[in-house]
Amino acid sequence: MGNSSPIRVGEIDPLTGKLAKHGQEIHEGILYAIEQANSTGGAAGRKFELLSRDDQSQPEVAINQAEDLIYREQVAGLVGGYVDSLVGPISELAAKHQVPYVASASLQQGLTLGRHNPYFFRVAHLQGVVEPLCSFLIQELKPDRVAVLYASTPGSTEFGQQVRSCLLDAAIEIPIFEKFRPGSPDFSAFLLKIRRSRVDVLISGGFFADHLILVRQMKEQKIPLRAYIGPWGIAYPSFLEAMGEAAHGLFGMCAWNPGIAVAGADKQSRAFVEGFTARFGKTPNTTTMHGYTSAKALIEAIRRVLESGKELTGDNICRALRSLDLLLPMEHLQFDLKGDPKHYQQVVVQVQKGEMVTVYPADRKTGEIAQPSSE
């Protein structure tokens, strides 16, 4: 290949299947980052070429698509991924073939804890969700009895276990700790247990569609709760739209949203929202930003390798990734030796009159906690 040949970047995301909504959002964030890089000249005079593949929300398809990108397309690196049952198999294949993989949405600690995969990086991790959530519960809500519901995915299972551990350490009772399959159509039996157990806070580790069903049934049955918290799936304009007034008072979490950026990146965040909206005709959300952030990391690492005159190998790109120090709208991005982001930290938001208000931590809050509606 000559020096002017395009730099091939492979993306694997659930573009169809049960996870397609978030997979599409990640894809658009990655695509925007690639187009943005190409509009400013690419890297060392070479443009980026994005090769997108659909894993159909299935691990075995994810493996096949990764093999195709690595063997046949000979990509310089991989990005994308939503949920660890899809990310994990790709990370192992990337390690086997020494291809850097920057995952967009990966939380499972087992992918980096106690294992050494120098080719795997990610822009999110579970501690950035669990730590602020537990601090918020203990310092602000101070509940007596908490129910923890978690999805049967690797990341959500770990989330449930870690939340239980930190609440028990704080002497908070957990009368209900229950697993469910994502996409469950009915939570009536679970809500009956909630009522009988006199729980005041429900933490739900489900996803967008699960919250829609659970919250609607909770409202229909008039379950008395002080707080409903869903780290994944609530802090989305589309969720607020779908739920209407029933969303008032619910708590969610996010690492970024329009108007919610890390210190020092407000201007960059506004520019991203404007540019993305002009390109796609819709407002970006937190999942879009995870895709964008992962692609920005890989793009910047490739640029540094080429501009230093080194060969574009997996090892050289990984060395560049490990030395990154980028201020991006979602986080100050630096990777530790395991490939985890050093500074990834989510905030707690509450839905108030159709808007997302940051209520925790104190240094980033944009408003006070409102009482949820009793209806």
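Reading the values: rules and limits
- Residues numbered from 1 in each chain as written.
- Predicted model: local features only at pLDDT ≥ 70, side-chain atom pairs only at ≥ 80, totals over all residues.
- Heavy atoms only, no water.
- Helix = DSSP H or I, 4+ residues; strand = E, 2+ residues; numbered from the N terminus.
- Buried < 20%, exposed > 50% of the residue type's maximum accessible area, 1.4 Å probe, protein only.
- Contact = heavy atoms within 4.5 Å.
- Pairing = 2+ DSSP bridges.
- Axes fitted to C-alpha atoms, helices over the stretch in contact; angles between N-to-C directions.

Examining the environment of Val61
Secondary-structure assignment places Val61 in helix α2 (residues 59–72). Accessibility expressed as a relative area gives 13% for Val61, which makes it buried. Sequence separation between Val61 and Ile12 is 49 residues, and the spatial gap between their C-alpha atoms is 9.8 Å. Every residue in contact with Val61, bar those within four places of it in the chain, is listed here: Asp54, Asp55 and Gln56.

Describing the sheet that holds strand β8 (residues 201–205)
With respect to topology, 7 strands assemble into an open sheet ordered β7-β6-β8-β9-β10-β13-β14, the strand pairing being mixed. Pairing within the sheet leaves two strands with one partner each, and these edge strands are β7 (173–180) and β14 (355–360). With direction set aside, neighbouring strand axes in the sheet form an average angle of 25 degrees. Where strand β6 (residues 145–151) meets β7, 6 bridges bridge the pair, whose relative direction is parallel. Along β7, the bridge assignment pairs Tyr150 with Lys179. Seen against the sheet, helix α6 (residues 188–197) touches β6, β7 and β8 and runs at an angle of roughly 180 degrees to β7. Sheet strands in contact with helix α7 (residues 208–220) are β6, β7, β8 and β9 (227–230), and its direction is about 170 degrees off that of β9.

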